[in-house]
Each structure stands twice: as C-alpha cells, then as structure tokens.
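Understanding the architecture of this molecule
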Amino acid sequence: MIPKRISVKLFAADPEAEVDLHKYIRVFHEFIREKKVEGLLIDVADYSHVPEGPGVVLIGHDVDYSIDLNGGRAGLMALAKRIEGGNLADLFDDVVRKCLLAVKAVQEDGSTGMSFSTARLRVQLVDRLAAPNSDEGYASVQPEFEALAGRVFGDGATVERVEGDEPRRVLGAELCANKSDDLDTLLARLER
C-alpha cells in the first residue's frame, strides 16, 4: 500500500498555549526566500479564520508545511504529496525527517515563541482509496507504524491508532516515545 499523500505532525509542547498564526506568515515567507526547509516551495496561505483548521500553510510542489490546529491540538505538519512508488518505510522516514527539520527551523527562528514536544508524532496516510480507515487497512500498515516508532523514538516506543475505524477519516496513528529526546537525536536515528 503506497498512499498518494502522507502527513506527519509534531505537536506543540503546551497544548493550552495560544498560537499567533500571523507570525508564521512572515516565517514561512522567509523559509521560501532563504530555502530553509526542503521542497520546491511556492506560496503561503492564511487559513487562520478557520476554527481548528490548517492555520497557515507553506505550500510546496511536493510537500506542504503548516501550523495545523486540527482537533484543537496545534502542531507543525508536513504533508508529502505527489508520491509515486517507493516503499512505505522510506516514505515515512522522509516525511518525518522533513517535519523534524521544519520544526528545527521554526525553533531556530525563535520569533513565534512556540516550542514542540518531541515525545509524540501523528502519522496519517491521506489517501482513503489506497489506505482506507478500516480494521483491515490499519492491520496492513500497523507493522510499518511500529517499525517507524522504533526508528524515530528507539526502544519502548508505542503506537496508538487514531480516528478509530471511521471511514470518513484518514488512516493514522500516533507514535509515542517512552522518553523525550531532542530533535537532533531523533534526526540522527533516521540517518541510514
């Protein structure tokens, strides 16, 4: 199963913190000008008027980055798109790496005041045709989620299914660490 799109979201460290989305418009435009994150970056879209929506999106040809507010939990999401072929493990590693590097770039910028938790991330297969959110669909990718959790978080990592078996939602899981490591440690684990 190779989905057309895969998203990875790293959550804000403080889920109660107020997020000033407008600060990200300048930050994301700077990312485009200075090529601070990977991908062919095109534009920035402001969806701050949408409650629990995509927030501010840095739109790219092959990957989008956003400060996502979906589910009332702010975080930075990387969405790989235009996926054609490959193996799921390599695709997962690539999107997680892009997400972690984007979080690192936001934190190095420092102007947003937002910090991120490195103890949990959400991975979703955004393609209900190739990856239906069903018990069978989840069972087919559960070993890949578990392997990814081990590669990112090391020993003791766990996987929790999200969105139940609601067919209108996308198939996904949250990968949880048994201890919180820094971004560089997580990135180093993904280097092969």
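Everything below is about the structure shown above.
Residues numbered from 1 in each chain as written. Predicted model: local features only at pLDDT ≥ 70, side-chain atom pairs only at ≥ 80, totals over all residues. Heavy atoms only, no water.

As for the overall build of the protein chain
Across its full length, the protein chain holds four helices and eight strands. The N-to-C order of helical and strand elements in the protein chain reads β-α-β-β-β-β-α-β-α-β-β-α. Relative to the globule expectation of 16 Å for 192 residues, the C-alpha radius of gyration of the protein chain, 16 Å, shows essentially globular dimensions. For the protein chain, the proportion of its 192 residues judged to be buried stands at 47%. Pairs at least 24 residues apart make up 67% of the contacts formed inside the protein chain by residues separated by at least 6 positions. For the protein chain, the exposed surface amounts to about 9300 Å²; the carbon and sulfur share of it is 48%. (Helix = DSSP H or I, 4+ residues; strand = E, 2+ residues; numbered from the N terminus. Rg over C-alpha atoms; globule rule 2.2 N^0.38 Å. Buried < 20%, exposed > 50% of the residue type's maximum accessible area, 1.4 Å probe, protein only. Contact = heavy atoms within 4.5 Å. Areas by Shrake-Rupley, 256 points an atom, 1.4 Å probe, with all protein chains shown as cover.)

Considerations on the packing of aromatic side chains
In the structure shown here, the tally under the stated rule is four aromatic pairs. Both rings, one in Y24 and one in F28, keep their centres 5.8 Å apart while their planes meet at 55°; by these two values the pair is tilted. Within this pair, Y24 and its partner F28 are both found in helix α1 (residues 22–34), separated by four residues, close to a single helical turn. An identical accessibility class is assigned to Y24 and F28; each is buried. Between F28 and F31, the aromatic rings sit 5.9 Å apart at their centres with planes inclined by 45°, giving tilted as the arrangement. (Phe/Tyr/Trp six-rings, centres within 6.5 Å; stacked < 30°, edge-to-face > 60°.)

Let's talk about helix α3 (residues 135–153)
For α3, built from 19 residues, the straight-helix expectation of 27 Å at 1.5 Å per residue is met to within 8% by its first-to-last C-alpha distance of 25 Å. At V141, α3 shows its maximal bend, which comes to roughly 40°, and the proline P143 appears one to four places after that position. For α3, the set of buried residues is G137, Y138, V141, F145, L148, A149, V152 and F153. If you follow the buried residues of α3, they end up packed against α2 (88–109), β6 (116–125), β7 (158–162), β8 (171–176) and α4 (183–190). G154 lies just past α3 and shows a positive phi near 80°. (Expected span 1.5 Å × (residues − 1). Bend = angle between axes of the 7 residues up to and from the residue.)

Notes on the pairing of β8
Most of β8 sits inside the fold, with six of its six residues counted as buried. Burial along β8 is two-sided: the face carrying L171, A173 and L175 and the face carrying G172, E174 and C176 are both buried. With six bridges connecting them, β6 and β8 associate as antiparallel partners. Each residue of the ladder has a partner; that of L121, found in β8, is L175. Direction of pairing for β7 relative to β8: antiparallel, over a ladder of five bridges. Paired with E160 across the bridge in β8 is E174. (Pairing = 2+ DSSP bridges.)

Focus on unusual backbone geometry
The backbone of E52 shows a phi angle near 50°, a positive value even though the residue is not glycine. Mapped onto the fold, E52 is located in the loop between β2 (41–47) and β3 (55–60).

A word on the pattern of salt bridges
Opposite charge on two side chains lets them pair, provided their charged atoms get close. By the definition in use, this model includes 21 salt bridges. For D64, the salt bridge is made with K81, and the minimal N-O distance between the two is 2.7 Å. A residue pair is termed long-range when its members are at least 10 positions apart, and D64 in strand β4 (residues 63–68) and K81 in the loop between β5 (75–80) and α2 qualify at 17 residues. Under the relative-accessibility criterion, D64 is labelled buried at 14%. Notably, a salt bridge pairs D184 with K104, separated by 2.6 Å at the nearest N-O pair. One end of the pair, D184, is in helix α4; the other, K104, is in helix α2, with 80 residues separating them in the sequence. Taking relative accessible area as the criterion, D184 reaches 44% and is therefore assigned partly exposed. Each of the salt bridges in this network shares a partner with another, and the network as a whole consists of R73, R120, R122, E160, E163, R169 and E174. (Salt bridge = Lys/Arg side-chain N within 4 Å of Asp/Glu carboxyl O.)

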